[in-house]
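Here are the chains, one letter per residue:
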Amino acid sequence: MPRLPAFLRSLLSYALAIAALAGAAPCAAQDIAIVIGEPAAPGSPYAEVAEEIRSRLAPEAKVSVHGTADETPPAPDGARLLVAVGARAAARLAAAPGKAPLLVTLMPTEAFARLAAESRRTGSTRPMSAVHLDQPVGRQLALVRLALPDTRRIGVLLGPASASRQAALAEIAAQRGFHLEARQVAREDDLAPALLNLLPETDLLLALPDPLVFNAGTIQMILLSTYRHQRPLFGFSASYTRAGAVLSLFSTPRQIGAEAADMLRVALTGGRLPPPRYPREFQIAANPHVARSLGLTLDSEQDLLQRLRETE
């Protein structure tokens, strides 16, 4: 085969180098590192969020999944975007050096707001956004109106993580035609007296994800108290409904993962994460047996879900 002239060989080498760089750049620029902060056994909420993100974005970006205990965790600046699954991973990545944008999942609204404020206070310039774990209060109250139209007085128990929301909650409730009755508790020992004082003044207890108020050690007492006072509990997870809440409104880990993937895709194409937001998709879990024991009649989960989606 005839040898190419020197200038043609140089031109061909240059063209091949440019082609190689063009082909490699999108993959390198679109790396996403997902860090899971809790045990992520198959089927766990943490694993489901991570897998949903990975499966939706893997065709268009290189996605890696890590645990916070990994011996070789991702370098914050080694990926274009970071994703924290859970509060532990969020705290670790928010405090890490670097400027790669961070998307937080499986963290309630107030907890993320505190994390972002602390990050700014320490001088971090890392952009942060979130797919909130909890539901917007307006959506919760819309479901109360659809499912239990005779409800007028909404009760809430507020611990240190949610106390700052009282004024906003009262305003949203009033806009929806409800009266909000709130009691604040600073210690777990104050919970039972506050609940017994609150329940006679309400038609329904709305559970908010405050770890002092609603946790594995308090939920049985709260459920028994609401049942004895013949007041329905409106929960924020399917497990609460199984335990005895009349209704729960929540987004599944897969729905949260899908929302996160949509936000990451925007950042990959536009260069910036969208602002924090609630999942657009959600589910309803109803407990008709508990409802009947309280003298209440509920429409089917599917009917309530369809009607609630129509309100949005």
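First things first, this report covers the structure right here in the doc. (Residues numbered from 1 in each chain as written. Predicted model: local features only at pLDDT ≥ 70, side-chain atom pairs only at ≥ 80, totals over all residues. Heavy atoms only, no water.)

Comments concerning empty space enclosed by the protein
For the structure on display, the rule yields one cavity of 30 Å³ or more. Forming the walls of the largest cavity are Leu133, Asp134, Gln135, Val137, Gln140, Arg165, Ala207, Leu208, Pro209, Phe236 and Leu249. Here the lining of the largest cavity is built from residues that sort into seven nonpolar, two polar and two charged. (1 Å grid on protein atoms, 1.4 Å probe; cavity = no way out; pocket = protein on both sides within 12 Å on 5 of 7 lines; lining within 4 Å. Points joined across faces, edges and corners; volume = space filled by probe spheres on them. Nonpolar A, V, L, I, M, F, W, Y, C, P; charged D, E, K, R; others polar.)

So, the sheet that holds strand S3 (residues 81-85)
Whether parallel or antiparallel, the strands of a sheet pair through hydrogen bonds between backbone atoms. Pairing within the open sheet is parallel, and its five strands lie in the order S2-S1-S3-S4-S5. Two strands in the sheet have a free side with no partner beyond their single neighbour: strand S2 (63-67) and strand S5 (128-132). Taking each pair of neighbouring strands and ignoring which way they run, the sheet shows an average axis angle of 20°. Across the sheet, helix H3 (residues 87-95) touches strand S1 (32-36), S2, S3, strand S4 (102-107) and S5, and the angle it forms with S4 is around 155°. (Pairing = 2+ DSSP bridges. Helix = DSSP H or I, 4+ residues; strand = E, 2+ residues; numbered from the N terminus. Axes fitted to C-alpha atoms, helices over the stretch in contact; angles between N-to-C directions. Contact = heavy atoms within 4.5 Å.)

Remarks on the nonpolar core
Formed by 33 residues in total, the largest nonpolar core has its most connected members in Leu143, Ile154, Val156, Phe234, Leu247, Ile284 and Leu308. The greatest single-element share of this core, amounting to seven residues, is contributed by helix H5 (residues 137-147). Ranked by size, the runner-up nonpolar core spans 23 residues in total, among them Ile36, Val49, Ala50 and Met263. (Core = buried A, V, L, I, M, F, W, Y, C linked by side-chain atoms within 4.5 Å. Buried < 20%, exposed > 50% of the residue type's maximum accessible area, 1.4 Å probe, protein only.)

Observations concerning the pairing of S3
Among the five residues of S3, five are classified as buried, and the element is accordingly described as predominantly covered. Of the two faces of S3, the one holding Leu81, Val83 and Val85 and the one holding Leu82 and Ala84 are both buried throughout. Pairing of S1 with S3 involves five bridges; the strand directions are parallel. By the bridge assignment, Ala33 is partnered in S3 with Leu82. For S3 and S4, the ladder comprises four bridges, and the chain directions are parallel. Its bridge partner lying in S4, Leu82 is registered against Leu102.

Here we look at the layout of surface pockets
Reported here for the largest pocket is a volume of approximately 870 Å³. Along its surface, the largest pocket is lined by 34 residues, and Pro108, Leu133, Pro209, Phe236 and Ser237 are the ones closest to its centre. Of the residues assigned to the lining of the largest pocket, the class counts are 19 nonpolar, seven polar and eight charged. Here the second largest pocket is characterised by a volume of approximately 200 Å³. Lining the second largest pocket are Ala147, Leu148, Pro149, Asp150, Thr151, Asp203, Gln230, Pro232, Leu294, Leu296 and Thr297. Here the lining of the second largest pocket is composed, by residue class, of six nonpolar, three polar and two charged.

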